[in-house]
Each structure stands twice: as structure tokens, then as C-alpha cells.
2 protein chains.
Amino acid sequence: MSTPQPLLILTPDDLLATRWQALSSSPIRALDIEGLDTWRKAGHRLVVIDLGNRPAGASPVWTHRAWQENAAGLAILATSSRPDDEEGLAVLNAGASGYCHSHAPVDSLRQALDVIDSGELWVGRALLSRLLRLVDSRLPRAGLADWARPLTEREREVAHHAAVGESNVAIADALGITERTVKAHLKAVFEKLEVADRLQLALRVHGVR
Amino acid sequence: MSTPQPLLILTPDDLLATRWQALSSSPIRALDIEGLDTWRKAGHRLVVIDLGNRPAGASPVWTHRAWQENAAGLAILATSSRPDDEEGLAVLNAGASGYCHSHAPVDSLRQALDVIDSGELWVGRALLSRLLRLVDSRLPRAGLADWARPLTEREREVAHHAAVGESNVAIADALGITERTVKAHLKAVFEKLEVADRLQLALRVHGVR
DNA sequence: GACGCCATTGTCCACAAGGACAGGTCGCGT
DNA sequence: ACGCGACCTGTCCTTGTGGACAATGGCGTC
């Protein structure tokens, strides 16, 4: 670990404040967002902000003026006692450099701070791996899509039409064949892809889950 | 930094091998993928694998048997001399714990190794922020998904169940209500979201086009 | 030529889905 | 007290879907 940098900690939670004293001898304050301003002007970078259990209606802390104006000049590690993907994405996109669990071991926090202090971003394993899977499944994969490989050319066409919600008759019209034939192709598709119906097929084709 | 762990370095590049000697006194080998097996069996975890400039036609190193079988038990930091997002995603999805530039400062590498050794994932700022932006732009915005806003709480539940392919009866069972009621809720959902059937609903819910 | 795969179509049938009428209770605000 | 919205349930009925029997012709391989 490099030499410890001055660290501003913002949390409304007394337990966390106590717990985090080991991280720094620097100021610990209640969630005083305006304090970001003076902290940055003093030439410091590192901040830990505990998002805590935000009340449902309240506007998130990262929409506050003080956050918006200072995030770029600071390295903010946001912590949440109930982390979820949406919140993580939102806070990172709002300029935070890291997002992790409020009750993570102090050693983990120290590591995260070390990382964001060096200019990198910190995203916990859980959120990150979900991000990766999400992007991986949504990105147009190279070559033939995974689902299409076991299918014949005609089956691919039918499957694609079905996967965007067209009815059997509509597909038959579009391809200039009988509805019966569409059913035959779809039956083959269902078997090959091991799905029960056209909805499952649609989900598979569009890479859901 | 915690106490340095034994580190296996695999690279075909002599310059990199020299440069990375500072990281570890442990073995440095040419790209001998089979070595992963013995390394893991010896009880070690940390590995750096330089992907180098893969020739266009060659099958990526992460498709090899030795990689597939050992990735889960190891913490692999993959480095590339010409990193690109596709490669990064592929290698991370193949079980690597980190991905960064081959010529990154040795201090950065050390930090990355420290992170992956503690069980986390390491993704460099560039790739990570691109990931975030990508996901952010593709994910239906806002805490409440766009489609859910006009719906009542119950309608949301039913819609969600239907959107993952459950039948009306299954939904009824899951929610402890009658199939008839499920239909009623779905009818309302279809009208409010202006979709014709549950398949269109599923596509809308999962943000397809 | 026989065999297999593909594309095509046929009929019959069971069932899920969705629309069109109905109704009912409960809680909340005016 | 009254209206309104959310939630719940009922009975028809039409249509779409998918499975279970089929069959035919083309085309490539052994």
C-alpha cells in the first residue's frame, strides 16, 4: 500500500464511522454533501460516501449540486448497505470511482481506496461479473449467433420471425409458404433449441438470461 | 501490499519477461499453457498470461484445454499488447480475473495482481468505463423500468412473470390467485403498454428494440 | 439405387391465450 | 355517503399454438 492519503468519510451511520476510523485520521462527517467542495479545494482527492439505506422517495445524493460539481476532481468511493446493480451503475455514471458494500472488510475498502487513488475504477466482483455477462450476452457476437448454429437456413428464418412476435400465419405469408410448414419448422426449432414455446425462443434469440 | 504470492508468468516476449522479473522470483516461461495444470496442483493461484499479438487465425489461448480446466482454480491476469474490448470480454468470460495492457507500469501490474489475489476482478479504467457506458445506454433507464411506470404493483408482478415465459396457471399459482385474475391483470397490462400479447410484452420488458 | 436430410403440406386434436360480457370487496379521498 | 381505483373472481367464446399421427419431392452421399 502506498502512503495513506487524506480521506474524507461521509456517513450518517455511527457504527460505520467507528468501524472506518482505522482507515484514516481525517474528518468523518455526517452526510454533509457540501463538504465535498471545501475538501477538493483543499487539494484532496479521496472520499468515501456511504449511501446507506436511501429512503425511497429521496433524491439520490449524486444528483446534488455539490456532487455534480466536484465528482470530476475527486476520487469517490460510494458504499451501500444494500448494493444493487441499478444503484451501482447510476452512481458510477455520476462520476464515482468505486462502488462496494458498506460492510465490506476494512482491508477490502483500503484496497479499493488504493485502486481509485491511482486513477482506476473499483467495481466489486459481483456487480462486475454481472456487467460482463450482461454485455457479453447483449453484444452482437462474432459470426453466427449461438442459437442459430444447430438450425437449418429455413429454420433460422422462421425462428427469427417468430422471435420478434409474428404469428404463424404472418410468417407463412412473409415466406410464401403454408402455416402448416411454419409449424413444422418451429417444431424442429423448439426441439433443437430445447425450448417449450415461441416466447422462450424469443428470449433465447435475444439473449435474455 | 500484502506478502507477495508465488507468481507464474507466461509470455513469449523476452522484453516483457525481463521487465516483469521485478514482480516475482517465480518461474517465467514461454507461452506453455500446459504449465497451468502443474502450477495449480502445486497449490498456487497467481498467473500472468501475456496474450501478445495473437496471429489472426490462431485459436485464442483461453480456448485451450489447460485453460478451461484450470481457470476456475487460478487467478489469471491476462495482458495484451494491443488491448481491445472484444478480447477483454472474451478472456474475462473465459474465467480470467483481470485484463490489462502488457506494457502497463509494473506498479499497476502489482496492484492488479494484489486485487485479483484477493478474489476480486481487475478491469482497467478504459474498458471498464466503456462497459459502464455501454450497459447504461442499453439498460432501460431509471430505478423503475420504463415499462413498469404506468402499471400498478400487482400488474408489475404479473407482467414480470409473464415476461419470463410463465403460463397463466403458473403465475396464478405463484401469486396465490386465480388464473382468471392473472388474465385480468394481463389484459390491463397489454392495454397500458399497448402490446398485443405476452411475447410483445416480454420483448418490451427485456428492452428489445 | 438406397439412405438421409431438408422443405413442404395435410388432418385431427387438446389446450392455452385473450376478448367480452359479468360481477364482487376493500381502502382512500372529497 | 359517494365515487374511484386497485384487486379479485366468474362464465362464455374465438382463435392461436403446438403435438401426433401422417405423406411427397428434391438433392447429395455412400
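Details of the structure are given in the entry above.
Residues numbered from 1 in each chain as written. Chains lettered and ligands numbered in written order. Predicted model: local features only at pLDDT ≥ 70, side-chain atom pairs only at ≥ 80, totals over all residues. Heavy atoms only, no water.

(A) Just the protein's contact with DNA strand D, in detail. Inspection of the region around DNA strand D gives 16 residues, with Arg-198 of chain A together with Thr-152, Thr-178, Arg-180 and Thr-181 of chain B positioned closest. Within 4 Å of the protein, the atoms of DNA strand D are drawn from sugar and phosphate moieties in a proportion of 62%. In this structure, a phosphate oxygen belonging to DNA strand D sits 2.7 Å away from a side-chain N or O atom of Thr-181 of chain B. Between DNA strand D and His-185 of chain B, the relevant distance is 2.8 Å, taken from a phosphate oxygen to a side-chain nitrogen or oxygen of the residue. (Near = heavy atom within 4 Å. Polar contact = N/O pair within 3.5 Å; in protein donor to acceptor, adjacent residues only side chain to side chain.)

(B) Main features of the sheet that holds strand E2 (residues 28–29) of chain A. Residue and element names in this part refer to chain A. Strand order across the open sheet formed by six strands is E2-E1-E3-E4-E5-E6, with parallel pairing between neighbours. The open sheet terminates on both sides in strands that have one partner only, identified here as E2 and strand E6 (122–123). Bridging between strand E1 (residues 7–10) and strand E3 (residues 46–50) involves four bridges; their strand directions are parallel. Within E3, the residue paired with Leu-7 across the bridge is Leu-46. (Pairing = 2+ DSSP bridges. Helix = DSSP H or I, 4+ residues; strand = E, 2+ residues; numbered from the N terminus.)

(C) Spatial organisation of helix H5 (residues 106–117) of chain B. A rise of 1.5 Å per residue sets the reference length of H5 of chain B, with its twelve residues, at 16 Å; its end C-alpha atoms lie 16 Å apart and thus fit the reference within 8%. Where H5 of chain B is concerned, the buried positions are Val-106, Leu-109, Gln-111, Ala-112, Leu-113, Asp-114, Val-115 and Ile-116 of chain B. (Expected span 1.5 Å × (residues − 1). Buried < 20%, exposed > 50% of the residue type's maximum accessible area, 1.4 Å probe, protein only.)

(D) A look at the side chain of Glu-120 of chain B. Summarising the element assignment, Glu-120 of chain B is placed in the loop between H5 and strand E6 (122–123). Of the polar contacts made by the side chain of Glu-120 of chain B, one reaches the backbone nitrogen of Arg-125 of chain A; its length is 2.8 Å. Excluding residues within four positions of it along the chain, Glu-120 of chain B makes contact with Trp-122, Val-123, Gly-124 and Arg-125 of chain A together with Ser-97 and Val-115 of chain B. (Contact = heavy atoms within 4.5 Å.)

(E) Examining the protein's contact with DNA strand C more closely. Around DNA strand C there are 16 residues in total, and Thr-152, Thr-178, Arg-180 and Thr-181 of chain A together with Arg-198 of chain B lie nearest to it. Backbone sugar and phosphate groups make up 62% of those atoms of DNA strand C lying within 4 Å of the protein. The separation between a phosphate oxygen of DNA strand C and a polar side-chain atom of Thr-152 of chain A is 2.6 Å. Residue Arg-198 of chain B places a side-chain N or O atom 2.6 Å away from a phosphate oxygen belonging to DNA strand C. Elements supplying a minimum of two residues to the surface near DNA strand C: helix H9 (179–193) of chain A together with helix H9 (179–193) of chain B. Grouping the amino acids of the surface near DNA strand C by side-chain chemistry returns three nonpolar, six polar and seven charged. (Nonpolar A, V, L, I, M, F, W, Y, C, P; charged D, E, K, R; others polar.)

(F) The pairing of strand E5 (residues 98–101) of chain B, seen in detail. Residues and elements named next belong to chain B. With four bridges joining them, strand E4 (residues 75–80) and E5 adopt parallel strand pairing. Bridge pairing in E5 links Thr-79 to Cys-100. A crossover links E4 with its parallel partner E5, the connecting element being helix H4 (residues 85–93), and its sense is right-handed. As judged from the two bridges shared by E5 and E6, these two strands associate in the parallel manner. When the bridges of E6 are listed, Gly-98 appears paired with Trp-122. Between the parallel elements E5 and E6, the chain passes through H5 in a crossover that is left-handed. (Right-handed = clockwise from strand over helix to strand, strands pointing away.)

(G) Geometry of the environment of Ala-159 of chain A. Residues and elements named next belong to chain A. Mapped onto the elements, Ala-159 comes out in helix H7 (residues 153–163). Measuring from C-alpha to C-alpha, the distance between Ala-159 and Arg-198 comes to 8.3 Å, with 39 residues separating the pair along the chain. Ignoring sequence-local partners within four residues, the contact set of Ala-159 consists of Trp-147, Leu-151, Val-189 and Leu-201.

(H) Quick look at the packing of helix H5 (residues 106–117) of chain A against H5 of chain B. For the pair H5 of chain A and H5 of chain B, the least separation of the axes is 11 Å and the interaxial angle reads 150 degrees. With respect to their mutual orientation, H5 of chain A and H5 of chain B come out roughly antiparallel. Between H5 of chain A and H5 of chain B lies a crossing whose hand is left-handed. Taking contact as the criterion, the partners of Gln-111, Asp-114 and Val-115 of chain A in H5 of chain A are, on H5 of chain B, Gln-111, Asp-114 and Val-115 of chain B. By residue class, the composition of the contact of H5 of chain A with H5 of chain B is two nonpolar, two polar and two charged. (Axes fitted to C-alpha atoms, helices over the stretch in contact; angles between N-to-C directions. Parallel < 35°, antiparallel > 145°, perpendicular 65-115°, else oblique. Left-handed = near helix turned anticlockwise from the far one by under 90°.)

(I) A look at the sheet that holds strand E1 (residues 7–10) of chain B. Residue and element names in this part refer to chain B. As summarised here, the arrangement of the six strands in space is E2-E1-E3-E4-E5-E6, forming an open sheet in which the pairing is parallel. The open sheet has two edge strands, strand E2 (28–29) and E6, and neither has a second partner. Packed onto the sheet, H4 meets E4, E5 and E6 and runs at close to 150 degrees relative to E5.

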